[in-house]
Amino acid sequence: MTIRSNPTPLGAQAPIGVFDSGVGGLSVLRHLRAHLPHEDFLYFADSGYAPYGEKPEAVIIARVEAIAAFLLERGVKALVVACNTATAASIEALRKRYPTLALVGVEPGLKPAAALSLSRKIGVLATAATLSSTKFKRLHHQLEADTGVTYLLQACNGLADQIEKGELTSPATALMVQRYVAPLIAAGADTIVLGCTHYPFVRPLIEALVPAGTQIIDTGAAVAQQMGRLLGKHQQHSGSGDLAIFTSGSVSSVERASAVLLGLTPPVEAVVA
Ligand code: DGL
């Protein structure tokens, strides 16, 4: 597969590429489609390689490069890395490789959480790979120094997998969520950051566990707004919001996830990237 180092600017009618290790990025796509209803989207679910969050950084970077090249070959005009783990590992390398591309990543909302928390204790749910990344650590230490808040970091091993399997409400998923969230509340957190794009799909389980008034931070809407700003008026499309999905994993699982999570039944194609 050839990797274009400088994609030619494409017409406004070209689709926007969005990808994640699996179906988690559909939580971001939901916001993108609501905010940019006339844009078409190509979504890549790398379910054959999920989860990213427990993999070495070099593996994640190689997957991101292959998927970005795949989507660019299909003519996308912009790219959303709808995965905190992939963003932490690779957004800087992607920006260097594609300097003229409209590119947006997803980061745990540490800053908006600091602005909201009254207890000054904030729980952060994310993958182990995100929490141990240099990019995350830099932001975390900087914000603790600047704002005086304490971030309580919780790696949620296995949770993205449960969501990939479509187990959004099963007893095993509920137990896992409780094991990860209850200690944060017990330690005084009044704000919980959803630092993985899979987790908005178990938000109802989290909400059922936390005291009323606990803030839950999801950066999906901010990502969609940022993409809108980057595209500007001249790059925006006036199409009908078409969606097609590619996956490196099982087509039927992604079809089911799309129906359950988005209420949509777009075409899903199995591909090797
Ligand atoms: N959805 C991804 C994230 O935002 C990664 C989950 C995983 O593959 O471990 O971090």
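An account of the accompanying structure is given in this report. Just so it is clear, the model here is predicted, and its values are computed rather than measured.

**Observations concerning helix H2 (residues 57-73)**
Okay, so step 1: Along its 17 residues, H2 runs 24 Å from first to last C-alpha, staying within 8% of the 24 Å computed at 1.5 Å per residue.
Okay, so step 2: Contacts made by the buried residues of H2 are with strand S1 (16-20), strand S2 (41-45), strand S3 (78-81), helix H3 (84-97), helix H5 (128-131) and strand S9 (243-247).

**As for the site of the ligand**
Okay, so step 1: In the region of the ligand, 13 residues are neighbours, and Ser-21, Tyr-52, Gly-53, Thr-85 and His-198 sit closest.
Okay, so step 2: Asp-20 places a polar side-chain atom, nitrogen or oxygen, 2.9 Å from a nitrogen atom of the ligand.
Okay, so step 3: In the model, an oxygen atom of the ligand is placed 2.6 Å from a nitrogen or oxygen of the Ser-21 side chain.
Okay, so step 4: Contact with the protein chains covers 99% of the free accessible surface of the ligand, which is 300 Å².
Okay, so step 5: Each residue belonging to the shell around the ligand can be placed in one class, and the counts come to five nonpolar, seven polar and one charged.

**What to know about the sheet that holds strand S7 (residues 191-194)**
The strands making up a sheet are joined through hydrogen bonds of the backbone, oriented either antiparallel or parallel.
Okay, so step 1: In spatial order, the strands read S6-S5-S7-S8; together these four strands make up an open sheet with parallel pairing. Whereas interior strands pair on both sides, the edge strands pair on one side only; in this sheet they are strand S6 (150-155) and strand S8 (215-217). On average, each strand axis in the sheet is tilted by 20° relative to the strand beside it, whichever way the strands run.
Okay, so step 2: With four bridges connecting them, strand S5 (residues 121-126) and S7 associate as parallel partners. Paired with Ile-122 across the bridge in S7 is Thr-191.

**Quick word on the packing of helix H1 (residues 26-35) against helix H10 (residues 220-231)**
Okay, so step 1: Viewed as axis vectors pointing N to C, H1 and H10 meet at an angle of 45°, and their least axial separation amounts to 8 Å. Here H1 is positioned oblique relative to H10, judged by the angle of their axes. Crossing angle aside, the handedness with which H1 passes H10 is right-handed. Residues Val-28, His-31, Leu-32 and His-35 of H1 touch H10, and the partners they reach there are Gly-220, Ala-221, Val-223, Ala-224, Gln-225 and Met-227.
Okay, so step 2: Across the contact of H1 with H10, the residue classes tally to six nonpolar, four polar and no charged.

**Considerations on H10**
Okay, so step 1: Here H10 is 12 residues long and its end C-alpha atoms lie 17 Å apart, about the 16 Å a rise of 1.5 Å per residue gives.
Okay, so step 2: Residues of H10 that are buried include every one of Gly-220, Val-223, Ala-224, Met-227, Gly-228 and Leu-231, and no others. When H10 is viewed along its axis, its buried side chains cluster within an angular range of 140° and face the same direction.
Okay, so step 3: On its buried side, H10 packs onto S1, H1, S3 and strand S4 (102-105).
Okay, so step 4: Backbone geometry just downstream of H10 places Gly-232 in the positive-phi region, at approximately 65°.

**Brief notes about the pattern of salt bridges**
Okay, so step 1: The tally for this structure, following the rule as stated, stands at six salt bridges.
Okay, so step 2: With a closest N to O distance of 3.9 Å, Lys-135 and Glu-92 form a salt bridge. With Lys-135 in helix H6 (residues 134-147) and Glu-92 in helix H3, this pair connects stretches of sequence that are 43 residues apart.
Okay, so step 3: Put simply, Glu-107 and Lys-135 hold a salt bridge, and the shortest N to O gap is 3.4 Å. With Glu-107 in the loop between S4 and helix H4 (110-116) and Lys-135 in helix H6, the pair connects residues that are 28 residues apart, well separated along the chain.
Okay, so step 4: Judged by its relative accessible area of 35%, Glu-107 is partly exposed.
Okay, so step 5: One network of salt bridges, in which partners are shared, links Glu-92, Glu-107 and Lys-135.

Rules behind the numbers
Residues numbered from 1 in each chain as written. Predicted model: local features only at pLDDT ≥ 70, side-chain atom pairs only at ≥ 80, totals over all residues. Heavy atoms only, no water. Helix = DSSP H or I, 4+ residues; strand = E, 2+ residues; numbered from the N terminus. Expected span 1.5 Å × (residues − 1). Contact = heavy atoms within 4.5 Å. Near = heavy atom within 4 Å. Polar contact = N/O pair within 3.5 Å; in protein donor to acceptor, adjacent residues only side chain to side chain. Areas by Shrake-Rupley, 256 points an atom, 1.4 Å probe, with all protein chains shown as cover. Nonpolar A, V, L, I, M, F, W, Y, C, P; charged D, E, K, R; others polar. Pairing = 2+ DSSP bridges. Axes fitted to C-alpha atoms, helices over the stretch in contact; angles between N-to-C directions. Parallel < 35°, antiparallel > 145°, perpendicular 65-115°, else oblique. Left-handed = near helix turned anticlockwise from the far one by under 90°. Buried < 20%, exposed > 50% of the residue type's maximum accessible area, 1.4 Å probe, protein only. Arc of directions from axis to C-beta. Salt bridge = Lys/Arg side-chain N within 4 Å of Asp/Glu carboxyl O.

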